[in-house]
Amino acid sequence: MSEAPKILAFAGSARRDSANKKLAAVAAKAAEAAGAEVTLIDLADYPAAVYNGDDEDANGLPETMRALKRLIGSHDGLVIATPEYNGALPPLLVNAFSWASRREGEEEALAVFKDKPVAIMAASPGGLGGVRVVSRMRDYVAQLGCIAIRGFVNLGGAYDAFDAQGALTREAASRQVTGLTQRLVRTAAALR
Ligand SMILES: Cc1cc2nc3c(=O)[nH]c(=O)nc-3n(C[C@H](O)[C@H](O)[C@H](O)COP(=O)(O)O)c2cc1C
């Protein structure tokens, strides 16, 4: 069995050219370099209807959301790169977490999130780099039972921040990603 902590990385955007997907991919490489085994997913591959309790009562969780929930549960830590929508969390993330937070069978409430370390990042074309969503995301993941890792990455001017290969072209932002992912991997290894 591998000793490396397992990190799941994804963005809160399904957009093809998403800056947050690019940031999540950069962070995934940084987490690998820090010794983690990384799974990078695209939430566009996990479509789901907007949460509705009647749907849940009739059909349970959509298969995509059950798969996402299993993935969260089978990893030791998360990297989430999120857009900021009107200063708040994007509906894609809230919907995915709403479904994944639902209890099935005899499991403990919010079992897959319990004590799970999370590295929070945000990318935006604007100058503030989505900084307002970071603190909201921190509160949100804490509410789910996760542990938000100290610090964050907020990448402003994000449409110009990556080269054609998807690498970050800004040294300060690269350092932020490296530092945050190293703390995530260390914490994930310690808490596993
Ligand atoms: C409904 C909506 C609200 C937005 N609100 C904000 C905002 O509050 N702050 C911000 O920096 N960008 C805002 N944006 C712009 C997003 O940062 C931009 O669309 C970004 O590219 C989304 O992330 P992505 O590239 O990963 O898809 C908003 C975009 C949308 C569609």
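Preceding block: the structure.
### Digging into the site of the ligand
Neighbouring residues of the ligand: 14 residues in total, closest Arg15, Ser18, Glu84, Ser124 and Tyr159. A distance of 2.8 Å is found between an oxygen atom of the ligand and a side-chain nitrogen or oxygen belonging to Ser13. Backbone polar atom of Ala19 to an oxygen atom of the ligand: 2.9 Å apart, as the coordinates give it. Within the complex, the protein chains bury 71% of what would otherwise be the 620 Å² of accessible surface of the ligand. Per-class residue counts for the shell around the ligand are five nonpolar, six polar and three charged.

### A word on the pattern of salt bridges
Enumeration according to the criterion identifies ten salt bridges in this entry. Between Lys22 and Asp17 there is a salt bridge, with its nearest N and O atoms 3.2 Å apart. Overlapping salt bridges, with partners in common, bring together Glu63, Arg66, Lys69, Glu104 and Glu107 in one network.

### A closer look at helix α1 (residues 19–33)
Count 3.6 residues to each turn of an α-helix, and residues three or four apart come out pointing the same way. Compared with the 21 Å implied by 1.5 Å per residue over 15 residues, the 21 Å span of α1 between its first and last C-alpha is a close match. Within α1, the full set of buried residues consists of Ala19, Asn20, Lys21, Leu23, Ala24, Val26, Ala27, Ala28, Ala30 and Ala31. Summarising the contacts, the buried residues of α1 are in contact with β1 (6–11), β2 (37–40), β3 (77–82), β4 (117–123), β6 (153–155) and α6 (171–191). For α1, the side-chain oxygen to backbone nitrogen distance between the N-cap and Asn20 is 3.1 Å, and the N-cap itself is Ser18. Gly35 lies just past α1 and shows a positive phi near 105°.

### A word on the packing of aromatic side chains
With the rule as written, the count across this model stands at four aromatic pairs. With a centroid separation of 6.3 Å and an interplanar angle of 55°, the aromatic rings of Phe10 and Phe97 are classed as tilted. Of this pair, Phe10 sits in strand β1 while Phe97 sits in helix α4 (residues 91–100), placing them 87 residues apart in sequence. Of the two residues examined, Phe10 and Phe97, each falls in the buried class.

### Notes on the pairing of β1
Working note: regular strand, side chains alternate between the two faces of the sheet. By the criterion of burial, β1 is predominantly enclosed, with five of the six residues buried. With four bridges connecting them, β1 and β2 associate as parallel partners. Directly across from Leu8, in β2, lies its bridge partner Thr39. Taken together, β1, α1 and β2 form a β-α-β motif whose crossover is right-handed. Here β1 runs beside β3; their pairing, made up of five bridges, is parallel. Bridge pairing in β3 links Ile7 to Gly77.

### Brief notes about the packing of helix α3 (residues 63–73) against α4
It is at 9 Å that the axes of α3 and α4 come closest, and there the two elements cross at 80°. One finds that α3 runs roughly perpendicular with respect to α4. Of α4, the residues touching α3 (which contributes Met65, Leu68, Lys69 and Ile72) are Ala96, Phe97, Trp99 and Ala100.

### Quick look at the nonpolar core
Ile7, Leu23, Val79, Met121, Leu155, Leu168 and Val177 are the most contacted members of the largest nonpolar core, which totals 31 residues. At the level of elements, β1, α1, β3, β4, β6 and α6 are the ones that each hand at least two residues to this core. Sort the elements by how many residues they give to this core and α1 lands first, with eight residues. In this view, Ile7 contacts Ala36, Glu37, Val38, Thr39, His75, Gly77, Val79, Leu184, Val185 and Ala188; residues no more than four positions away in its chain are not counted. Ile41, Leu68, Met137 and Leu144 belong to the second largest nonpolar core, which has 29 residues in total.

Conventions we followed
Residues numbered from 1 in each chain as written. Predicted model: local features only at pLDDT ≥ 70, side-chain atom pairs only at ≥ 80, totals over all residues. Heavy atoms only, no water. Near = heavy atom within 4 Å. Polar contact = N/O pair within 3.5 Å; in protein donor to acceptor, adjacent residues only side chain to side chain. Areas by Shrake-Rupley, 256 points an atom, 1.4 Å probe, with all protein chains shown as cover. Nonpolar A, V, L, I, M, F, W, Y, C, P; charged D, E, K, R; others polar. Salt bridge = Lys/Arg side-chain N within 4 Å of Asp/Glu carboxyl O. Helix = DSSP H or I, 4+ residues; strand = E, 2+ residues; numbered from the N terminus. Expected span 1.5 Å × (residues − 1). Buried < 20%, exposed > 50% of the residue type's maximum accessible area, 1.4 Å probe, protein only. Contact = heavy atoms within 4.5 Å. Phe/Tyr/Trp six-rings, centres within 6.5 Å; stacked < 30°, edge-to-face > 60°. Pairing = 2+ DSSP bridges. Right-handed = clockwise from strand over helix to strand, strands pointing away. Axes fitted to C-alpha atoms, helices over the stretch in contact; angles between N-to-C directions. Parallel < 35°, antiparallel > 145°, perpendicular 65-115°, else oblique. Core = buried A, V, L, I, M, F, W, Y, C linked by side-chain atoms within 4.5 Å.

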